[in-house]
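Commentary on secondary and tertiary structure
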Amino acid sequence: MMSQPSRSSIECPAPDWFKVPTGNERIWIGLALCWCMVMSLMMPYWHFKGKQNSSGESYSVKPADFTKRTEKFILANTGAESLLEEGLAPIVPAPPGDVYLIAKQYFWFPILKLRAGEVYRLHISSVDFQHGFSLQPINMNFQVVPGFDHVLTITPQAPGTYPIVCNEFCGIGHQNMVGKIIVE
Ligand code: CUA
């Protein structure tokens, strides 16, 4: 029996299926291939030159321990235990040094007030699920994973109030998970 000219998708293609691309098809394949190469090379290039990478400094930490460190940090910089409960007054740490930020369903804690031009080591950790630290409007983004103390060395540039939003879906209150960093 003769084989049929059209075959279903579960059969092998005809042995002569391959037609060498010509004309415009050839040009488009060439362009796509070149662009693939450019995009592939951009990844390592931006890794070293893009200035958007964190230092990659992180340590294992238990959520309870990170909470304790943050509380200690807050007490050291306010001396008022009532603020801990309210959690509303900004913490004004003396630069340079370590500052702490907790990500938790559904808030960022505490509010930090930092000074422009000073260097801080910002420790961020989640005490429950994965969250996304997204500092607006400068669009600085960082994944916050529970169990890790992520340390970002930062130098605030310009005074202002910078909202922190969560950009990793973390539950039904995700869209309400906001915080802020004040720079003066
Ligand atoms: Cu935290 Cu979304």
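Everything numeric here is computed off the predicted structure, so don't read it as measured data.

**Quick word on the overall build of the protein chain**
- Secondary structure assignment for the protein chain yields three helices and 10 strands.
- Traced from its N-terminal end to its C-terminal end, the protein chain shows the element sequence α-β-α-α-β-β-β-β-β-β-β-β-β.
- A globule of 184 residues ought to have a C-alpha radius of gyration of about 16 Å, yet the protein chain, at 26 Å, is considerably larger.
- Buried residues in the protein chain amount to 29% of all 184 residues.
- Considering only contacts within the protein chain whose residues lie at least 6 apart along the sequence, 57% involve residues at least 24 apart.
- As displayed, the protein chain offers around 12,200 Å² of accessible surface, 62% of which is attributable to carbon and sulfur atoms.
- Averaging the locations of the 14 positively and 15 negatively charged side chains of the protein chain gives two centres separated by 6 Å.

**Some words on the packing of aromatic side chains**
- Taken as a whole and assessed by the stated rule, the structure comprises six aromatic pairs.
- Centroid distance Trp-108 to Phe-133: 5.7 Å. Interplanar angle 80 degrees. Geometry classified as edge-to-face. Residue Trp-108 is located in strand 3 (residues 107-109), and its partner Phe-133 is located in strand 6 (residues 131-135); the two are separated by 25 residues in the primary sequence. The pair formed by Trp-108 and Phe-133 is uniform in burial state, with each residue classed as buried.
- Members of the aromatic cluster, joined through ring pairs, are Phe-66, Phe-73 and Tyr-100.

**Focus: the sheet that holds strand 10 (residues 178-183)**
- On the basis of which strands lie adjacent, the open sheet formed by five strands has the order 4-10-9-6-7 and mixed pairing. Looking at the sheet topology across the chains shown, the edges are occupied by strand 4 (112-114) and strand 7 (140-144). Averaged over all neighbouring strand pairs, the angle between strand axes comes to 20 degrees, with direction disregarded.
- Summarising the sheet, strand 6 and strand 9 (residues 160-166) pair through three bridges and their orientation is antiparallel. Looking across to strand 9, one finds that Phe-133 is bridged to Cys-166.

**Here's the deal with the nonpolar core**
- In terms of nonpolar packing, the biggest core is built from 31 residues, with Leu-101, Trp-108, Leu-112, Leu-122, Ile-124, Phe-133 and Ile-181 touching the most fellow members.
- Per-element tally for this core: the top contributor is strand 2 (residues 97-104), with five residues.
- In this structure Leu-101 touches Phe-66, Trp-108, Phe-109, Pro-110, Leu-112, Leu-122, His-123, Ile-124, Ser-125, Phe-133 and Ile-164, once residues within four positions along its chain are discounted.

**Let's talk about the pairing of strand 6**
- Among the five residues of strand 6, five are classified as buried, and the element is accordingly described as predominantly covered.
- Of the two faces of strand 6, the one holding His-131, Phe-133 and Leu-135 and the one holding Gly-132 and Ser-134 are both buried throughout.
- The hairpin turn running from strand 6 into strand 7, its antiparallel successor, is four residues long, and Asn-139 in that turn takes a positive phi close to 60 degrees.

**Quick notes on the domain arrangement of the protein chain**
- Considered domain by domain, the protein chain is made up of domain 1 (19-52) and domain 2 (57-183).
- If you average the C-alpha positions of domain 1 and of domain 2, the two centres end up 39 Å apart.

**Comments concerning the sheet that holds strand 1 (residues 58-60)**
- Within the open sheet, the five strands sit side by side as 1-8-5-2-3. Their pairing is mixed. The two strands at the open ends of the sheet, each matched to only one other strand, are strand 1 and strand 3. Mean inter-strand twist for the sheet, computed between neighbouring axes without regard to direction, equals 25 degrees.
- Pairing of strand 2 with strand 5 (residues 120-126), which is carried by seven bridges, proceeds in the parallel orientation. Bridging from a neighbouring strand, Val-99 pairs with Leu-122 of strand 5.
- Against the sheet, helix 2 (residues 63-78) engages strand 2, strand 3, strand 5 and strand 8 (148-154), with an angle of about 125 degrees to strand 2.

**What to know about helix 2**
- The terminal C-alpha atoms of helix 2 lie 22 Å apart, and with 16 residues this matches the ideal 22 Å at 1.5 Å per residue to within 8%.
- Along helix 2, the residues classified as buried are Phe-66, Thr-70, Phe-73 and Ile-74. Down the axis of helix 2, the smallest arc covering the buried residues is 95 degrees, so these residues share one side. Exposed residues lying more than 90 degrees from the buried face of helix 2 are Lys-68, Lys-72 and Ala-76.

Quick notes on the rules
Residues numbered from 1 in each chain as written. Predicted model: local features only at pLDDT ≥ 70, side-chain atom pairs only at ≥ 80, totals over all residues. Heavy atoms only, no water. Helix = DSSP H or I, 4+ residues; strand = E, 2+ residues; numbered from the N terminus. Rg over C-alpha atoms; globule rule 2.2 N^0.38 Å. Buried < 20%, exposed > 50% of the residue type's maximum accessible area, 1.4 Å probe, protein only. Contact = heavy atoms within 4.5 Å. Areas by Shrake-Rupley, 256 points an atom, 1.4 Å probe, with all protein chains shown as cover. Lys, Arg positive; Asp, Glu negative; His and termini not counted. Charge placed at Lys NZ, Arg CZ, Asp CG, Glu CD. Phe/Tyr/Trp six-rings, centres within 6.5 Å; stacked < 30°, edge-to-face > 60°. Pairing = 2+ DSSP bridges. Axes fitted to C-alpha atoms, helices over the stretch in contact; angles between N-to-C directions. Core = buried A, V, L, I, M, F, W, Y, C linked by side-chain atoms within 4.5 Å. Domains from an automatic or database assignment. Expected span 1.5 Å × (residues − 1). Arc of directions from axis to C-beta.

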